[in-house]
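Structural features, examined
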Amino acid sequence: MIVFLNACSLDTTKTKSEILEIPNIEEYTTLLVQSVDEEGVSSNSTSKVITDINEIQAFIEKVNKMEVVQPPNKELLEKSKELNKKGNYFFVLSDKETMDNKVYTMNFFSDGRIMFQEPNGKKLEANGAEQKMMYLSKEKHTDVLLEMKELLNIKF
């Protein structure tokens, strides 16, 4: 009976970390960086499209294979609410400038957390089961956002 209870308690721990690999890293030719202004609005002045393959590869190397956790849906929802605040950024990799084929999205938050989409995620079932669409970096990486802004000459 004790073994059974112990096994159940281990199974309910949802914060196991894993290494997330960005898919199709050799196929990306465009990186869109976007933020918002003080009013929470994005515009041309808060967006930049990068097509330099060396810059894109340097970006991927910096964030690929990062240790992530799958937080509870409530925590993901709270983090998502922060996206329209100045200082938070979307980084979208794509194999086309039109962003209408392969895309991979990451959200960098001013507190250093990074949200990754799960490339092989499952759609949300009616009861909320099987949702594995987003991961958060296990650690806060405030230096990574600063390095990316410098590397990619992001001034907004």
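Residues numbered from 1 in each chain as written. Predicted model: local features only at pLDDT ≥ 70, side-chain atom pairs only at ≥ 80, totals over all residues. Heavy atoms only, no water.

1. A look at the sheet that holds strand β1 (residues 17-20)
Taking strand neighbours across the sheet as the criterion, the eight strands line up as β1-β4-β8-β7-β6-β5-β2-β3 in an open arrangement whose pairing is antiparallel. Looking at the sheet topology across the chains shown, the edges are occupied by β1 and β3 (47-50). For this sheet the average axis-to-axis angle between neighbouring strands, irrespective of direction, equals 30 degrees. As paired elements, strand β4 (residues 66-69) and strand β8 (residues 134-137) share two bridges and run antiparallel to each other. Pairing of Val68 across the sheet is with Ser137, part of β8. (Pairing = 2+ DSSP bridges. Helix = DSSP H or I, 4+ residues; strand = E, 2+ residues; numbered from the N terminus. Axes fitted to C-alpha atoms, helices over the stretch in contact; angles between N-to-C directions.)

2. A short note on the nonpolar core
In terms of nonpolar packing, the biggest core is built from 27 residues, with Leu31, Val33, Phe59, Phe91, Leu93, Met106 and Phe108 touching the most fellow members. Elements represented by at least two residues in this core include exactly β2 (30-34), α2 (53-63), β4, β5 (89-94), β6 (103-108), β7 (114-117) and α4 (142-151). Looking at this core, the element that brings in the most residues is α2, giving four residues. Ignoring sequence-local partners within four residues, the contact set of Phe108 consists of Phe59, Val63, Gly87, Asn88, Tyr89, Phe91, Arg113, Ile114, Val144 and Leu145. (Core = buried A, V, L, I, M, F, W, Y, C linked by side-chain atoms within 4.5 Å. Buried < 20%, exposed > 50% of the residue type's maximum accessible area, 1.4 Å probe, protein only. Contact = heavy atoms within 4.5 Å.)

3. A few points about the packing of α2 against α4
As a packed pair, α2 and α4 sit with axes 11 Å apart at the nearest point and diverge in direction by 175 degrees. In this view, α2 runs roughly antiparallel relative to α4, as classed from their interaxial angle. Across the interface between the two elements, Glu55, Ala58, Phe59, Lys62 and Val63 of α2 pack against Val144, Glu147, Met148 and Leu151 of α4. When grouped by side-chain class, the residues that make up the contact of α2 with α4 number six nonpolar, no polar and three charged. (Parallel < 35°, antiparallel > 145°, perpendicular 65-115°, else oblique. Nonpolar A, V, L, I, M, F, W, Y, C, P; charged D, E, K, R; others polar.)

4. Considerations on the environment of Ser17
Its place among the elements puts Ser17 in strand β1. Relative accessible area serves as the criterion here: at 30%, Ser17 is assigned to the partly exposed category. Spatially, the C-alpha atom of Ser17 lies 7.0 Å from that of Lys138, the residues being 121 residues apart in sequence. Beyond its immediate chain neighbours, meaning those up to four positions away, Ser17 contacts Glu67, Val68, Val69 and Lys138.

5. A short note on the packing of aromatic side chains
Summed over the entire model, instances satisfying the criterion amount to five aromatic pairs. With a centroid separation of 6.1 Å and an interplanar angle of 45 degrees, the aromatic rings of Phe59 and Phe108 are classed as tilted. A residue pair is termed long-range when its members are at least 10 positions apart, and Phe59 in helix α2 and Phe108 in strand β6 qualify at 49 residues. With respect to burial, Phe59 and Phe108 carry one shared label: buried. Measuring from centroid to centroid gives 6.1 Å for Tyr89 and Phe156, while their planes differ by 35 degrees, and the two rings are tilted. One end of the pair, Tyr89, is in strand β5; the other, Phe156, is in the segment after α4, with 67 residues separating them in the sequence. Each member of the pair, Tyr89 as well as Phe156, is classed as buried. Taken together through their ring pairs, the aromatic side chains of Phe59, Tyr89, Phe91, Phe108 and Phe156 make up a single cluster. A cation over a ring is seen here: Lys79 above Phe109, with NZ or CZ 4.5 Å from the ring centre. (Phe/Tyr/Trp six-rings, centres within 6.5 Å; stacked < 30°, edge-to-face > 60°. Lys NZ or Arg CZ within 6 Å of the ring centre and 35° of its normal.)

6. So, the side chain of His141
Structurally, His141 can be placed in the loop between β8 and α4. Residue classification places His141 among the buried residues on the basis of a relative accessible area of 19%. When near neighbours in sequence (up to four residues on either side) are disregarded, His141 contacts Met66, Gly112, Arg113 and Ile114.

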